[in-house]
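The residues making up each chain are set out below.
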Amino acid sequence: MRRPRVITHNTISVDGRLAVSPRTLLMRDERWPGGDEGYRDLMRRHRPQVLLEGSGSLVTDDQRPRILPATDRPVSALARDHLPDEVVARATAGWFVVPDSRGRVRWTHREFPGTEMAGWHLLVLVATATPPSYLAYLRREGIPYLVCGRHHVDLTAAMKVLRARFAVETVVATGGARLGGALLRAGLIDEIETEVVPIAVGGTRTAAMFTATDLDRTAQPTRLRCIGTEQRPHGRVLLRYAVDTDRFLSSE
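A few points on the structure. (Residues numbered from 1 in each chain as written. Predicted model: local features only at pLDDT ≥ 70, side-chain atom pairs only at ≥ 80, totals over all residues. Heavy atoms only, no water.)

### Observations regarding the overall build of the chain
Logical step 1: The number of helices and strands found in the chain is seven helices and nine strands.
Logical step 2: Relative to its length of 252 residues, the chain is compact, with a C-alpha radius of gyration of 19 Å against a globular reference of 18 Å.
Logical step 3: Considering the chain as a whole, with its 252 residues, one finds that 42% of them fall into the buried category.
Logical step 4: Within the chain, contacts between residues at least 6 apart in sequence are counted, and of these 76% link residues at least 24 apart.
Logical step 5: When the accessible surface of the chain is summed, it comes to about 13500 Å², and 50% of that surface belongs to carbon and sulfur atoms. (Helix = DSSP H or I, 4+ residues; strand = E, 2+ residues; numbered from the N terminus. Rg over C-alpha atoms; globule rule 2.2 N^0.38 Å. Buried < 20%, exposed > 50% of the residue type's maximum accessible area, 1.4 Å probe, protein only. Contact = heavy atoms within 4.5 Å. Areas by Shrake-Rupley, 256 points an atom, 1.4 Å probe, with all protein chains shown as cover.)

Following this line, the structure appears as C-alpha cells:
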C-alpha cells in the first residue's frame, strides 16, 4: 500500500533548536522571532491535505492533563476507528492530525478559527493501548480518531491509512523533535525544510530537530540532496533538502 509524500518543516535557531527553553511551548514564548509569512508560503507551495503535529507541541511532559471520567464502554467498542460521516464531510480542506497514544491533550478546537484554516478538522491518531477514558472523551467531543498500532502510534501504518481513507497525497509535518525523529527513523520523510531564524540558543535539554534513538557505529545517516536555499526577510534563511539515500549510497 502506498503512502503520501511527507515533508517536514521546522523553524529552528542557528544551532538547530526548536524552542528557547526546555518544557516551553513555542507558541507561547514571545522570545522566539515571530512571523507567519513562511507558513503561508509553505501551504501555497505544497498544498497539503494533512498537517501533522506532535502532541509535545501542545502539552509539555510535566503538564498533568485534566483527569477524565471512567467509562463503562468495552475496550473492544472504543478501540476502533471513529470517523463520523458528518465530521468527515466538514473536512473539506484537510486534516490537522496529531498522534496522542497516551491521551494527554484536552482539545479546545475541533475546527480551527480563522479564514485561513476554514475546512480543516482535527483528527487524532491513537493506539489500542490508549486509555479507554480518552477514547470515550474523543467520542463525546465529536473528535474523530484512527487506531494505528498497539502500544504506540505506528506512523507507517497511519500514513498508509490516511492515503487509503482520504486520498491524501501530501503530508506536511510541523511537529516537534520526537515526531520528527520518529518519522526519520521510520524512513517516512521525503523532504526536509528548515527555516533558520537569527538566534542562537544553546543548552543541553532544549529540544532540537529529530530527537530519536542514536545510530550505532555501523548505521548510515540519512543522506540528503539540497534542492533549494532562499534568503528571507528579517535574517531568515530557508533550506530545502530531498531525502535521496539510495542515490548517494550507490555513488560511493
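Here the narrative resumes, following the displayed structure.
### Observations regarding unusual backbone geometry
Logical step 1: Even without a glycine there, the phi angle at Arg47 is positive, about 45 degrees.
Logical step 2: Within the secondary structure layout, Arg47 lies in the loop between helix H1 (37-46) and strand E2 (50-52).

### Examining the sheet that holds strand E1 (residues 5-12)
Logical step 1: Pairing in this open sheet of nine strands is mixed, and the strands run E5-E4-E3-E2-E6-E1-E7-E9-E8 from one edge to the other. Strand pairing shows two members of the sheet lacking a second neighbour, strand E5 (145-147) and strand E8 (224-231), which therefore form its edges. Neighbour to neighbour, the strand axes of the sheet diverge by 20 degrees on average, direction disregarded.
Logical step 2: Here strand E7 (residues 191-196) runs beside strand E9 (residues 237-243); their pairing, made up of six bridges, is antiparallel. (Pairing = 2+ DSSP bridges. Axes fitted to C-alpha atoms, helices over the stretch in contact; angles between N-to-C directions.)

### Brief notes about the pattern of salt bridges
Logical step 1: Taken as a whole and assessed by the stated rule, the structure comprises 21 salt bridges.
Logical step 2: Two residues, Asp41 and Arg45, come together in a salt bridge whose shortest N-O distance is 2.7 Å. You can see Asp41 and its partner Arg45 sitting in helix H1, four residues apart, about one turn around the helix.
Logical step 3: A salt bridge links Arg236 to Glu195; its shortest N-O distance comes to 3.7 Å. Taken together, the residues span a long stretch of sequence, with Arg236 in the loop between E8 and E9 and Glu195 in strand E7 at a distance of 41 residues. We note that Arg236, like Glu195, is buried.
Logical step 4: Here the residues in one salt-bridge network are Arg5, Asp41, Arg45, Glu191, Glu193, Glu195, Glu230, Arg232, Arg236 and Arg240, joined through shared partners. (Salt bridge = Lys/Arg side-chain N within 4 Å of Asp/Glu carboxyl O.)

### What about the nonpolar core?
Logical step 1: Ranked by size, the top nonpolar core spans 30 residues in total, and within it Val50, Leu52, Met159 and Leu183 carry the most contacts.
Logical step 2: Among the secondary structure elements, those contributing two or more residues to this core are E1, E2, strand E3 (94-99), strand E4 (120-126), helix H5 (155-166), strand E6 (170-173), helix H6 (177-185) and E7.
Logical step 3: By size, the runner-up hydrophobic cluster in this structure holds 26 residues, among which are Leu51, Val59, Val98 and Val147. (Core = buried A, V, L, I, M, F, W, Y, C linked by side-chain atoms within 4.5 Å.)

### Observations regarding the environment of Leu184
Logical step 1: Secondary-structure assignment places Leu184 in helix H6.
Logical step 2: If we skip the residues at most four places from it in the chain, Leu184 touches Ile189, Phe210 and Thr222.

### Let's talk about the pairing of E8
Logical step 1: Inspection of the sheet shows E8 paired to E9 by seven bridges, in the antiparallel sense. Of the residues in E9, the one forming a bridge with Glu230 is Leu238.
Logical step 2: Taking the residues between adjacent antiparallel strands as the criterion, E8 and E9 are bridged by five residues, where His234 takes a positive phi near 65 degrees.

### Describing H6
Logical step 1: Ala177, Leu179, Gly180, Gly181, Leu183 and Leu184 are the residues of H6 that are buried.
Logical step 2: Those residues of H6 that are buried are in contact with E1, E2, E3, H5 and E6.
Logical step 3: Following H6 by one or two positions, Gly187 has its phi on the positive side, about 70 degrees.

### Here we look at the packing of aromatic side chains
Logical step 1: Counted by the stated rule, this structure contains two aromatic pairs.
Logical step 2: Look at Trp95 and Phe166: their rings are 5.1 Å apart centre to centre, the planes differ by 40 degrees, and that puts the pair in the tilted class. You can see Trp95 sitting in strand E3 and its partner Phe166 sitting in helix H5, a full 71 residues away along the chain.
Logical step 3: Directly above the aromatic system of Tyr137 lies the positively charged group of Arg106, at a separation of 5.9 Å from the ring centroid. (Phe/Tyr/Trp six-rings, centres within 6.5 Å; stacked < 30°, edge-to-face > 60°. Lys NZ or Arg CZ within 6 Å of the ring centre and 35° of its normal.)

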